[in-house]
Amino acid sequence: MADLNKFEADIRGEFGIGSAAQFGSADLSKTVHSNENFRRANFTSADMRESDFSGSTFNGAYLEKAVAYKANFSGADLSDTLMDRMVLNEANLTNAILVRSVLTRSDLGGAKIEGADFSDAVIDLLQKQALCKYANGTNPLTGVSTRKSLGCGNSRRNAYGSPSSPLLSAPPQRLLGRDGFCDEKTGLCDAS
């Protein structure tokens, strides 16, 4: 297995894309890894407490069950990452890009999210509501407002839950009429 991991790292990961770095269960606490490429890397159950990953790229990386208490991800690209059950208490996500990331059952209590872009990210409804209480700023790279990307303010697009909360995951069913047109205000169709 070690030879396979070294081989994948030497050719920049599976299909020659990414770092293929293996940090599963590694102790990375209080280390500095700013502006590094961790694309498709594995950080499963890693200890990342109080580490600096500012400006780093994590596209497609696996960070499930990682502990990143007070870690610095400011300006990092965390898009398309699997961050399920990750601890991000008091983490710095200022201007980070978390587009299409999966953050189910993750804890972002007290995280700094000014300018973070959560567009199309999967976040538990209660976590999303907690973040909306103090979300502000606009991401300098994507130009998307943090509040808008979280669906704050009962935006129909993101006002519901995520797959981890199936009863709250989908908007109310629309009743479709014969012509397929519905009332824009109520979302209901007139069957007459």
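Please refer to the structure higher up on the page.
Quick summary incoming for the structure in this document. (Residues numbered from 1 in each chain as written. Predicted model: local features only at pLDDT ≥ 70, side-chain atom pairs only at ≥ 80, totals over all residues. Heavy atoms only, no water.)

1. Some points on the overall build of the protein
Looking only at helices and strands, the protein has three helices and zero strands in total. Traced from its N-terminal end to its C-terminal end, the protein shows the element sequence α-α-α. Taking all 192 residues of the protein together, 41% fall into the buried category. Long-range contacts, defined as pairs at least 24 residues apart, comprise 14% of the intrachain contacts of the protein with a sequence gap of at least 6. As presented, the protein carries roughly 10600 Å² of accessible surface, and 52% of it is formed by carbon and sulfur atoms. (Helix = DSSP H or I, 4+ residues; strand = E, 2+ residues; numbered from the N terminus. Buried < 20%, exposed > 50% of the residue type's maximum accessible area, 1.4 Å probe, protein only. Contact = heavy atoms within 4.5 Å. Areas by Shrake-Rupley, 256 points an atom, 1.4 Å probe, with all protein chains shown as cover.)

2. Quick notes on the pattern of salt bridges
Counting across every chain of the model gives four salt bridges. Here K70 ties to E90 by a salt bridge, and the two come within 3.9 Å at their closest N and O atoms. Note that K70 is positioned in the loop between helix 1 (2-10) and helix 2 (125-132) and E90 in the loop between helix 1 and helix 2, a separation of 20 residues in sequence. You can call E90 partly exposed: its relative accessible area is 38%. One salt bridge in this structure joins R100 and D80, with 2.7 Å as the shortest N-O distance. (Salt bridge = Lys/Arg side-chain N within 4 Å of Asp/Glu carboxyl O.)

3. Some thoughts on the packing of aromatic side chains
Under the defined criterion, the tally for this structure stands at 10 aromatic pairs. Relative to F53, the ring of F38 lies with its centre 5.9 Å away and its plane at 70°, an arrangement referred to as edge-to-face. Of this pair, F38 sits in the loop between helix 1 and helix 2 while F53 sits in the loop between helix 1 and helix 2, and the two are 15 residues apart along the sequence. With respect to class, F38 is no different from F53; both count as buried. Ring centres 6.2 Å apart and planes at 85° place the aromatic pair F43 and F53 in the edge-to-face group. Separated by 10 residues along the polypeptide, F43 in the loop between helix 1 and helix 2 and F53 in the loop between helix 1 and helix 2 bring together distant segments of the chain. On the basis of relative accessibility, which here comes to 0%, the residue F53 falls in the buried class. Joined through ring pairs, the aromatic side chains of F23, F38, F43, F53, F58 and F73 make up one cluster. (Phe/Tyr/Trp six-rings, centres within 6.5 Å; stacked < 30°, edge-to-face > 60°.)

4. Focus: the environment of V144
For V144, the position within the fold is in the loop between helix 2 and helix 3 (146-150). When the C-alpha positions of V144 and D117 are compared, they lie 6.3 Å apart, and in sequence the two are 27 residues distant. If sequence neighbours within four positions are ignored, V144 has contacts with D117, S119, T138, N139 and S149.

5. Re the state of the cysteines
Scanning the model with the defined rule gives one disulfide in all. Here C132 engages in a disulfide with C152; their sulfurs sit 2.0 Å apart. Across the S-S bond linking C132 and C152, the dihedral sits near -90°, which makes this disulfide left-handed. Taken together, the residues span a long stretch of sequence, with C132 in helix 2 and C152 in the segment after helix 3 at a distance of 20 residues. The exposure class of C132 is buried, given its relative accessible area of 15%. (Disulfide = S-S within 2.5 Å.)

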